[in-house]
Amino acid sequence: MKIGIIKETSDKRVAIVPDLVSRLILEGNELIAEKGCGALALYSDKSYAEAGASLMNRDEVLKSAEIIVTIAPLEEADYAMLKADTIVISSYQPYFSLDQTQKAATHQLTVFSMDMIPRITIAQAMDVLSSMASIAGYKAVILAANHLPKYFPMLTTAAGSIPPAKVLVMGAGVAGLQAIATAKRLGSVVQAFDTRAAAKEEVQSLGAKFVEVEGSKDDKTAGGYAVEQTEEYKQKQRERIAEEAVKADVIITTAQLRGKQAPILITKEMVEQMKDGSVIVDIASSTGGNCELTEDGKTVVKNGVTIIGNSELAAEVPTHASQLFSKNVHNFLKIFLKEGKAEIDLENVILKSACIASKGEILYGK
Ligand code: NAD
């Protein structure tokens, strides 16, 4: 198959790195890449050419590719260039932007949305959500440390002692656990909480304290995801968070509800109670944010508290994020690419969940 790589229009990452180019060629495929596609992730055109890709302009890639792999959905103008039946692999998040999926379906494309891959053991090696969330959790702490006008570790010096920074992590999933580990490595004192009971042991195993709020609803059939909580629980949770937020120097929020708006965990009133110079990094900002005052894609200072709303932090570590994304893509392609030919069986549990459009029809939700 002819596999195309294009330059992302608003992201530093690239979906396929040169190392994967050479592997896919060995597996019987032809790779075509837009000039400059990996530049912002520090993968040069020379490295793509050496790996065996043919470099061309964007339109040429789009017109001749049989498979296109991207990080974000294609741009409006790109669709018209593609042949019908082209296989597009990307992250469409159909529950938030079904119009994007509709566009792809109208153009008769077969779309696999990597974010729809089920969170089952056999699919772990293809899980871009986890790979990217882990990087985001790490980068959130680094960003917070950069903005905090204080040290993270405890220090005893001839000039006096410095207490460790207090970090509160909300949502101890993939991003949250990596944030905890990073904040611990930097020497801060870390607390975390989550509504899923399984998170308690994971938080504690990283040496952080688990903030207990009794009475959360947990659903084992939700595929590892959290579920919406009752009003009574939310009230209890807000009171408990308020107690901890006033003491925190840094709050990293990562709480998500699959396919829904993120839960508000930090209210305006809580921010008003926080210490001057404190930092909130809200990774859930693209779905509304966990802090009431978050502005997606912006860094704002409210009441002396710096609030960073950024759900794309993985893009700020573009070299490694692209490498991991590529590895996930490769594992996904292996399901249906056999000796350079696509053999798509939509009865396969992973392909069935990930395929959101085919033959002009939207399959998401069916
Ligand atoms: P996510 O991004 O959907 O949510 C992040 C975290 O926020 C979750 O831990 C969630 O429980 C938490 N959260 C939601 N509402 C909250 C609230 N009101 N208050 C506090 N916390 C709240 O989830 P994720 O990090 O992608 O994954 C969650 C879990 O799924 C993982 O920890 C893991 O156990 C499981 N998982 C399994 C696989 C697999 O088997 N392939 C892959 C990835 C994740």
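For clarity, every value in this text was computed on a predicted model and none was experimentally measured.

Draft legend 1. Representation of helix 5 (residues 98-106). The set of residues buried in helix 5 consists of Gln100, Thr101, Ala104 and Ala105. Down the axis of helix 5, the smallest arc covering the buried residues is 140 degrees, so these residues share one side. On its buried side, helix 5 packs onto helix 4 (76-79), strand 6 (110-113), strand 18 (355-358) and strand 19 (361-362). Glutamine 108 occupies a position one or two residues after helix 5 and carries a positive phi of about 60 degrees.

Draft legend 2. Just the nonpolar core, in detail. Core analysis: the biggest nonpolar cluster contains 45 residues, and Ile5, Tyr48, Ile67, Ile89, Phe112, Phe332 and Phe336 have the highest contact counts within it. Not counting residues up to four positions away in its chain, the partners in contact with isoleucine 89 are Ile67, Ile68, Val69, Thr70, Phe112, Met114, Phe332, Leu333 and Phe336. By size, the runner-up hydrophobic cluster in this structure holds 29 residues, among which are Ala144, Phe210, Ile283 and Ile308.

Draft legend 3. Geometry of the pattern of salt bridges. Tallying each qualifying case throughout the model produces 22 salt bridges. Between lysine 234 and glutamate 231 there is a salt bridge, with its nearest N and O atoms 3.5 Å apart. In this pair, lysine 234 and glutamate 231 both sit in helix 9 (residues 231-245), three residues apart, roughly one turn of the helix. Its relative accessible area of 55% is what places glutamate 231 among the exposed residues. Lysine 298 is paired through a salt bridge with glutamate 295; the nearest N and O atoms lie 3.7 Å apart. Residue class for lysine 298 comes out partly exposed when judged on its relative accessible area of 47%. Each of Glu228, Glu231, Lys234 and Lys260 takes part in a single network of salt bridges with overlapping partners.

About the cut-offs
- Residues numbered from 1 in each chain as written.
- Predicted model: local features only at pLDDT ≥ 70, side-chain atom pairs only at ≥ 80, totals over all residues.
- Heavy atoms only, no water.
- Buried < 20%, exposed > 50% of the residue type's maximum accessible area, 1.4 Å probe, protein only.
- Helix = DSSP H or I, 4+ residues; strand = E, 2+ residues; numbered from the N terminus.
- Arc of directions from axis to C-beta.
- Contact = heavy atoms within 4.5 Å.
- Core = buried A, V, L, I, M, F, W, Y, C linked by side-chain atoms within 4.5 Å.
- Salt bridge = Lys/Arg side-chain N within 4 Å of Asp/Glu carboxyl O.

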